[in-house]
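Given next are the chains, with one letter for each unit.
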Amino acid sequence: MRKIYVFDTTLRDGEQSPGVNLNTREKLEIAYQLEKLGIDRMEAGFPAASPGDLAAVNAVAKAVKNVTVIGLSRSREHDIDAVREALIGAQDPCIHIFLATSPIHRKHKLRMEKHQVLETAQSALRYAKKYFSKIEFSLEDAGRTELDFMVEMVSMAVNEGVKVVNIPDTVGYLNPSEYGAIFKHLKENVPDIEKVQLSAHCHNDLGMATANTLAAIQNGADQIEGTINGIGERAGNTAIEEIAMALETRQEFFGAKTSLNLSEISRTSRLVSKLTGMVVPGNKAIVGANAFAHESGIHQDGMLKEKTTYEIMTPETIGLKESKLVLGKHSGRHAFREKLQDMGYELDEQQLNQAFSRFKELADKKKEVSDDDIMALVEEKLIDTPEVYKLETIYVTYGNRSVPTAKVRIIKDQEQELEEEAEGNGSVDAIYNAVDKATGEEVTLSDYSIKSVSRGKDAQGEVHVVLTQNDVSAQGRGLSTDILEASARAYVDALNQLIEKRKTFSRRERASL
Ligand SMILES: CC(=O)SCCNC(=O)CCNC(=O)[C@H](O)C(C)(C)COP(=O)(O)OP(=O)(O)OC[C@H]1O[C@@H](n2cnc3c(N)ncnc32)[C@H](O)[C@@H]1OP(=O)(O)O
Ligand SMILES: CC(C)C(=O)C(=O)O
């Protein structure tokens, strides 16, 4: 199978992401991980940019052993000298020299004619050759360069003995068929083109970096350039993990492979995200948190029956433990039952149905239902107390300068509607007074506590109360994303328990007479 070389520029083009600044220690940490990932070439920085970057590139050059370390340079002797200094101690040093070739860059940025661009690049390559046996040359903004001038520039670079010629789509302007056609054209029109490796370097301004890079591979590119998580200038670079996994997953189509240790992808992605501070979007291909997560019931059912129904690659391949079935409002009974089994609950069909409808109610209120939420709602349902009173609705009026009032509607014995309104010292007190009025029960609230059973602003609150009546006391629990509702539920639950205990108590008393 054809090998595609991977040139990682996370530490150079990736660091050009606005707001990202990696110090030497952070660059080293990423460099070691990239080495584990098995990339072939690593662009560690732009040594002429600053003394700090020169030192960081030097530290990386001395540290990594199995990767070619590269420093970027303009077509200027001063920059080339900086790369020379930075790569002292590298096992396999390489300089990457670039010059823009497109009419826009020639006219406005470089203010050079074509022949000056050619001569400037040529003289830089000649100078660099004295010190480096490995040179890569890039035609910056190749994507908007005239084809015949590109052929002229690439031919010059081949004649100067560079090892790699890079064809960047610097501003992410091209589409796959145009970018692929450039590689085909160069292969067919540059004499001795087989003496160099051709490289693809794409930016993602129109979201086509991965597609363009794959098109270049199909048209003969030997090397791909990119970054981990696709970070980089503006909309970023080609995401290396996307190319590696596309080639792996569609081997029969591309007939090419990288030699990356794919199981290091996930770890590398997390490290780069942590050290650059660039959060990976949940839906990012391959490494996003949702890339192997399934939320909807039909998909979850398919996954439980056969994973290939909804997964074209396995999470294990990139170093993750397993796919996730996330429980939310689109989930179905199959996934819910599976989750309960994983958590060690064995529910009969009726209990499962009850828990499932409580789960759906909760899922309507919460974005994601956590294990703690499920545990709380299942255990609440497992305690089977006959419900004399059932809380139907509550309305609470509260203002910091008015007396809190609450109105409750309770169904007694499944048929009798009880509705009452009361005031209180606070909202909870008002609710409890209204419940007392509606039920006619005289109880003392001996204990009240509240805790959060899950995290986040939409976490469920669990209220625990103890009610006492004469010598009988009973506990009640209530669960809701709203703490007032949880408080009301707990109180009504405790009343039901109290009534149950009262019955047992009076049976025992009668028996002892
Ligand atoms: C497509 C890419 O990603 S290219 C890499 C981009 N990365 C960076 O620019 C990060 C590092 N850059 C820097 O720290 C600074 O830009 C430096 C140190 C390199 C240069 O700083 P300054 O000397 O202050 O120049 P400044 O950045 O303002 O302007 C760039 C100059 O380089 C010239 N230039 C741009 N590209 C090249 C090139 N490949 N070869 C030669 N000259 C170039 C520009 O025409 C301009 O020249 P001018 O001063 O004669 O007008
Ligand atoms: C220096 C070159 C390769 C570059 O980063 C670009 O053109 O995007």
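Residues numbered from 1 in each chain as written. Chains lettered and ligands numbered in written order. Predicted model: local features only at pLDDT ≥ 70, side-chain atom pairs only at ≥ 80, totals over all residues. Heavy atoms only, no water.

Operational definition: UniProt positions are given in the numbering used here, feature names are shortened, and annotations may be inferred rather than shown by experiment.
The name an unreviewed UniProt entry gives the protein is 2-isopropylmalate synthase, with Paenibacillus mangrovi as the organism. Heading Cofactor (unreviewed entry) of the UniProt record for the protein holds this comment: "Mn(2+)". Under the UniProt heading Catalytic activity (unreviewed entry), the note attached to the protein is "3-methyl-2-oxobutanoate + acetyl-CoA + H2O = (2S)-2-isopropylmalate + CoA + H(+)".

## Some details on the overall build of the protein
This is how the line gets drawn: Helix and strand definitions here come from DSSP, where helices need a minimum of 4 consecutive H or I residues and strands a minimum of 2 consecutive E residues; each element is numbered from the N-terminal end. We compute the radius of gyration from the C-alpha atoms alone; for a globule the expected value is 2.2 Å times N to the 0.38, where N is the number of residues. Whether a residue is buried, partly exposed or exposed follows from its accessible area with a 1.4 Å probe, protein chains only, as a fraction of its type maximum: under 20%, in between, or over 50%, in that order. Every residue pair with non-hydrogen atoms within 4.5 Å of one another is taken to be in contact. For the purpose of charge, His is not counted, nor are the chain termini; Lys and Arg are scored as positive and Asp and Glu as negative. In this description, the location of a charge corresponds to atom NZ of lysine, CZ of arginine, CG of aspartate or CD of glutamate.
The helix and strand tally for the protein stands at 17 helices and 18 strands. In summary, the protein has a C-alpha radius of gyration of 34 Å against a globular reference of 24 Å for 513 residues, an excess of more than 25%. Across its three principal directions, the C-alpha atoms of the protein cover 115 × 50 × 40 Å. Put simply, the protein has 513 residues, and 51% of those count as buried. Of the contacts formed within the protein by residues at least 6 apart in sequence, a portion of 65% connects residues at least 24 apart. With 64 positive and 79 negative side-chain charges, the protein shows a spacing of 3 Å between the two charge centroids.

## Here's the deal with a nonpolar patch on the surface
Rules: Nonpolar side chains (Val, Leu, Ile, Met, Phe, Trp, Tyr) are joined into patches within 5 Å and like charges within 9 Å, using only residues with over 30% relative accessible area and no salt bridge. Shrake-Rupley sampling with a 1.4 Å probe provides the accessible areas, and residues are treated as covered by the protein chains on show and by no other component. What makes a salt bridge here is a side-chain nitrogen of Lys or Arg within 4 Å of a carboxyl oxygen of Asp or Glu, nothing more.
A grouping of Leu445, Tyr448, Ile450 and Ile483 is seen on the molecular surface, where their side chains present a nonpolar patch of about 330 Å² in accessible area. Mapped onto the elements of the fold, Ile450 is located in strand β16 (residues 444-452). For Ile450, a relative accessible area of 40% puts it in the partly exposed group.

## Looking at unusual backbone geometry
With a phi close to 70°, Ile286 is a non-glycine residue in the positive phi region. The topology assignment puts Ile286 in the loop between α11 (265-276) and β11 (293-294). Even without glycine at this site, Gln414 takes up a positive phi of about 65°. Note on Gln414: relative accessible area 75%, which makes it exposed.

## Points about the site of ligand 2
Using the following cut-off: When we say a residue is near a molecule or strand, we mean one of its heavy atoms is within 4 Å of it. Contacts described as polar in this section are N or O atom pairs within 3.5 Å, which, within protein, must combine one atom able to donate a hydrogen with one able to accept it, while residues neighboring in sequence count only if both atoms come from side chains.
In the neighbourhood of ligand 2, the contacting residues comprise Arg12, Asp13, His96, Phe98, Ser138, Glu140, Asn166, Pro168, Thr170, His201 and His203. Arg12 has a polar side-chain atom sitting 2.8 Å from an oxygen atom of ligand 2. In this structure, His201 approaches ligand 2 through a side-chain N or O atom, which is 3.1 Å from an oxygen atom. For ligand 2, the accessible surface in isolation is 260 Å², of which the surrounding protein chains cover 94%. Every element with two or more residues in the shell around ligand 2 is listed here: β5 (93-100), β6 (135-140) and β7 (164-169).

## Thoughts on the UniProt feature "binding site: Mn(2+)" (unreviewed entry) in the protein
In the numbering used here, UniProt assigns the feature "binding site: Mn(2+)" (unreviewed entry) to Asp13, His201, His203 and Asn237. Considering the C-alpha atoms alone, the annotated residues occupy 225 residues of sequence yet fold into one spot, their largest mutual distance being 10.5 Å. Along the chain, Asp13 falls in the loop between β2 (5-8) and α1 (24-37). In this structure Asp13 touches His201, His203, Gly232, Glu233 and Asn237, once residues within four positions along its chain are discounted. Along the chain, Asn237 turns up in the loop between β9 (223-226) and α9 (240-249). A distance of 3.1 Å separates polar atoms of two side chains, one belonging to Asn237 and the other to Asp13.

## As for the side chain of Thr68
By the secondary structure assignment, Thr68 is in strand β4 (residues 68-74). Classification of Thr68 by relative accessible area gives buried; the value is 8%. A distance of 2.6 Å separates polar atoms of two side chains, one belonging to Thr68 and the other to Asp92. Every residue in contact with Thr68, bar those within four places of it in the chain, is listed here: Asp40, Arg41, Met42, Asp92, Cys94 and Lys134.

## So, the site of ligand 1
In plain terms, the rule: Classification used: nonpolar for Ala, Val, Leu, Ile, Met, Phe, Trp, Tyr, Cys and Pro, charged for Asp, Glu, Lys and Arg, polar for all others including Gly.
Taken together, 15 residues are adjacent to ligand 1, and Arg12, Gln16, Arg74, Ser75 and Phe98 come closest. Within the side chain of Arg74, an N or O atom sits 2.9 Å from an oxygen atom of ligand 1. The contact in question runs from an oxygen atom of ligand 1 to an N or O atom on the backbone of Lys109, over 3.4 Å. For ligand 1, the accessible surface in isolation is 1000 Å², of which the surrounding protein chains cover 56%. Breaking the shell around ligand 1 down by element, the ones donating at least two residues are β4, β5 and α4 (103-110). By residue class, the composition of the shell around ligand 1 is seven nonpolar, three polar and five charged.

## Some details on the state of the cysteines
Every disulfide links exactly two cysteines, by a covalent bond between their sulfur atoms. To keep things clear, this is the line we draw: Sulfur atoms of two cysteines make up a disulfide when they are within 2.5 Å.
Taken as a whole, this structure holds zero disulfides when the rule is applied. Left without a disulfide partner, Cys94 is nearest to the cysteine sulfur of Cys202, which lies 19 Å away. Given a relative accessible area of 7%, Cys94 falls into the buried group.

## Thoughts on the sheet that holds β2
Basically, it comes down to this: Should DSSP find at least two bridges between two strands, the strands are taken to pair. To get an axis, a line is fitted to the C-alpha atoms, and for a helix only the part in contact is used. The angle between two axes follows their N-to-C directions and goes from 0 to 180 degrees.
A barrel is described by the order of its strands in space; here eight strands give the closed sequence β2-β3-β4-β5-β6-β7-β8-β9, paired in parallel fashion. Recorded for the sheet is a direction-independent mean angle of 25° between the axes of neighbouring strands. Alignment of strand β3 (residues 41-45) against β4, held across four bridges, turns out to be parallel. Bridge pairing in β4 places Gly45 opposite Gly71. The sheet strands contacting helix α7 (residues 176-189) are β7 and β8 (197-202), and the helix crosses β8 at an angle near 160°.

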